[in-house]
Every structure is written in C-alpha cells, then in structure tokens.
Amino acid sequence: MRAFILAGGGGTRLAPLPAKQFLALTGPETLIQQTARRLARYAPLTVIAHRDQSEQVAAQLPGVSMILEDAPRGTAAAASLAAQAEPGLVLLLPSDHVIADEGAFHQAVATARPLAERGFIVTFGIPATVPETGYGYIAHDGHTVTRFVEKPPVETARALIAGGALWNSGMFLFRGDIMLEELRGVAEGSLDRVVMEKTARAAVVPCDIGWSDIGSWPSLWRFTQSRRDLSPVEESWGRYTVFARGEGFQVKEIVINPLSHFPSRHRKHWIVMAGHARVICGDEVFDLDVNGSAEVASGARLENPGTEPLHIIEVG
C-alpha cells in the first residue's frame, strides 16, 4: 500500500488566508505535516501538487516525493496520476483534513484493504451530524454504496441523515489498475462525479475518526472549541484567544460581552460565528449576523448590542 497526498488546492474557502494545507491552524504542525505524519506507516509518501507549490511542499516535508501538475485538473486527474505511479494499492487523501482519532483511522484503513484488494474503490464515510450542504453524502447498506449525493440542499441533507447516510470524506483506497479502468477516457474533474456516482465498484467503510475538513470558518471555529491547549486572555470587554499564527498572519477568536465594544488598532478581517455584531467605521455603521464578514480599517469599533456573547473570528 502506497500513500498519496493531494495538496494542489488553493484553499479559497478560508479567505483571506492563503492555502490552508500549509498553515498551522489546529496545532503546532501545519495540516499537510499532520497528514504526512499520520501516513508515515504507508510510506513511501508522494505529494501531488501544483508546480507553484513545490517549494512550500519541500520546505514543510523535506525529501518527500512529488508529482507536480502544471494546472489544477481536479481529483480524477490526481487519482489517475497516483494510479499510473502505483498499480497496486493506492491510499489517496487530501492534505488539509483533521483526524483526531488516528487509531480509528488506521483501523478503518485495515478494514478497507481487503475490499480494495478485491477490486472495490473504497471511500471512508463519516457519521453525519448536521445537514452540511458543503459535503457529499453516501447512502449505504453496510459496505455497499447505494447512492452518492454531491452537496445537496439542506432539506435533502436532512432526509439523507435521517436515513443513515454518511458524509463523504474525500479519502479513498483502491487498486491503481482498477482506477485506470474506471478513468479511461476521462481527462479531468471530480472523482466523485466521474467515477463514484457511476461505478458498480464503489464501497464504503463507515468510520468515526474525529474527522473535519476545516473547509470553512465555522468548521474551524467549532474545532477550536474542542482544543484544550489554548489559553484565553481576559479583557474588560470580554476575552480573546490566539489559535493560529504564521508568517504574516494571526487568527483569533474574540468574545465580546453583551453591551460591550472592542476597538481595532489595525486593519482586520472579521467573521461572525455567533451573536449579532455592530461595526462602526468612522461615519459608517452596519450590522453583521452569523457568517457575515467585513474587512475594516484601523480605528474601527466592534460592538455587541445583544444580550448574548458575540463570537468573532479575527484575521489580521
């Protein structure tokens, strides 16, 4: 079994931050470093990335083997590159996911292995807890996939969860020769759409592994609530916690008490996670609800006009 890490994404869902796989958002290691450490037992590791990212990959994973693309062509093209490099078992994972229970992850891989050896393309299904519309869903009967649904509307997602559907984690185990058969004639695109939604070889291993794709500010914020290594700083207006920093950026959670305000001394990007915010920038006054965001200049003021604490993510 040989592991391949998908690292070519641009990471635009956490704007204004750069590509998230190269950032230390959930601890001292970057997300791609966490992924590589997790996969060390399936060495040799190979990273599939855009050519412009080669220096970042080499700096964070010295000596790792790389397959470099001139342009992003989707996960199907990446799976084809991995399959061409390894006709045997390929473990293909994104570089920017968090897995809290690594023991359960390795057990899930062990469960998937005999299925992949028999010619199935195995995905790993995560127990769905909320009707997240940014994920794909897998309806299943044991290891048999009965239906793939890519990013459904919220009512469809609720119905799928009620029926026991799983989130599609975007992690796969397959034989390289089988994947090349499935991809014959396919140049690029989403592996889910061009293969998994059509193939008779799809299988799933349900696994509760503490998974998050950190694909949005709310998902990153939810993850920070579970961390025990963070120390908040108390202020008269509330508190703040620095949970990620790197070259040229810092990310905080700011909690503002009811009927209190917080002054900004530098240019910032604010995203509301819970509560209701009022932003005052000179003569301009506007409100932000949950998931609302604003980039503000130095001297702006953030107020909590409500009766519950206001939770803000601040990117500086």
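This one's a predicted model, so the numbers in the text were calculated from it and none came from an experiment. Sequence order as written defines residue numbering, which begins from 1 separately in each chain. Where local features are concerned, this predicted model is filtered to residues with pLDDT of at least 70; where side-chain atom pairs are given and counted, the filter is 80 or more; whole-chain, interface and lining totals use all residues. Only hydrogens and water are removed before side-chain values are computed, so all heavy atoms of the structure are retained for them.

Things to note about the overall build of the chain
Piece 1. When its secondary structure is counted, the chain shows eight helices and 21 strands.
Piece 2. We take the radius of gyration over the C-alpha atoms and set the globule estimate at 2.2 Å times the residue count to the 0.38 power. In terms of C-alpha radius of gyration, the chain reaches 21 Å, essentially the compact-globule figure of 20 Å for 316 residues.
Piece 3. Projected onto its principal axes, the C-alpha coordinates of the chain cover approximately 65 × 45 × 35 Å.
Piece 4. The cut-offs for exposure are 20% and 50% of the maximum accessible area for each residue type, with area from a 1.4 Å probe on protein chains only; residues under the lower value are buried, those over the upper are exposed, and the others partly exposed. A total of 316 residues make up the chain; the buried ones form 51% of that total.
Piece 5. Looking at the chain alone, contacts between residues at least 24 apart form 68% of all its contacts between residues at least 6 apart.
Piece 6. Accessible surface is estimated by sampling points in the Shrake-Rupley manner with a 1.4 Å probe; for residues, cover comes only from the protein chains shown. Split by element, the accessible area of the chain, about 14300 Å² in all, is 49% carbon and sulfur.
Piece 7. Positive and negative charge centroids in the chain, built from 29 and 35 side chains respectively, lie 3 Å apart. The numbering of helices and of strands both runs from the N terminus, where a helix is a DSSP run of H or I of at least 4 residues and a strand a run of E of at least 2. Residue contacts are counted whenever heavy atoms from the two residues lie within 4.5 Å of one another. Under the counting rule used here, the positive set is Lys and Arg, the negative set is Asp and Glu, and His together with the chain ends is not counted. Lysine's charge is taken at NZ, arginine's at CZ, aspartate's at CG and glutamate's at CD.

Brief notes about the side chain of His311
Piece 1. Turning to its location among the elements, His311 is positioned in strand β21 (residues 310-315).
Piece 2. Leave out the neighbours within four places in its chain, and His311 touches Trp221, Arg239, Glu253, Ile254, Val255, Ile271, Val272, Met273 and Ala274.

So, the sheet that holds strand β14 (residues 249-256)
Piece 1. Strand pairing requires that DSSP identify at least two bridges connecting the strands. The strand order across the open sheet built from six strands is β12-β13-β14-β21-β16-β19, with neighbouring strands paired in antiparallel fashion. Looking at strand neighbours, the two that pair on one side only are β12 (233-235) and β19 (293-296), the edges of this open sheet. Sheet twist, expressed as the mean angle between neighbouring strand axes with direction ignored, is 25°.
Piece 2. As paired strands, strand β16 (residues 268-274) and β21 are joined by five bridges and run antiparallel to one another. Looking across to β21, one finds that His269 is bridged to Val315. Think of each axis as a best-fit line through the C-alpha atoms, taken over the contacting stretch in the case of a helix, with angles from 0 to 180 degrees between the N-to-C directions.

Re helix α4 (residues 102-117)
An α-helical turn contains 3.6 residues, so any two residues separated by three or four positions project in the same direction.
Piece 1. Taking 1.5 Å of rise per residue, 16 residues should cover 22 Å, and α4 covers 22 Å from first to last C-alpha, within 8% of that figure.
Piece 2. The quantity called bend is, for any residue, the angle between two axes fitted respectively to the seven residues ending at it and the seven beginning at it. At Thr111, α4 is deflected by roughly 25°, the largest bend along its length, and proline Pro114 occurs up to four residues later in sequence.
Piece 3. Taken together, the buried positions of α4 are Phe105, His106, Ala108, Val109, Ala112, Leu115 and Ala116.
Piece 4. Any N or O atom pair separated by 3.5 Å or less is treated as a polar contact, with the protein-specific requirement of one donor-capable and one acceptor-capable atom, and with residues adjacent in sequence counted only for side-chain atom pairs. The backbone nitrogen of Gly103 has a side-chain oxygen 3.4 Å away, supplied by the residue at the start of α4, namely Asp101.
Piece 5. Positive backbone phi, at 105°, marks Gly119, one or two positions downstream of α4. The span you would expect from a helix comes to 1.5 Å times its residue count less one.

Details of the sheet that holds strand β18 (residues 284-288)
Piece 1. Overall, antiparallel pairing links the four strands, which are arranged β15-β20-β17-β18 in an open sheet. Each edge of the open sheet is held by one strand with a lone partner, namely β15 (261-263) and β18. Each adjacent strand pair in this sheet contributes to an overall mean axis angle of 20°, direction not counted.
Piece 2. Sheet topology note: the β15/strand β20 (residues 301-303) ladder contains three bridges and is antiparallel. When the bridges of β20 are listed, His261 appears paired with Glu303.

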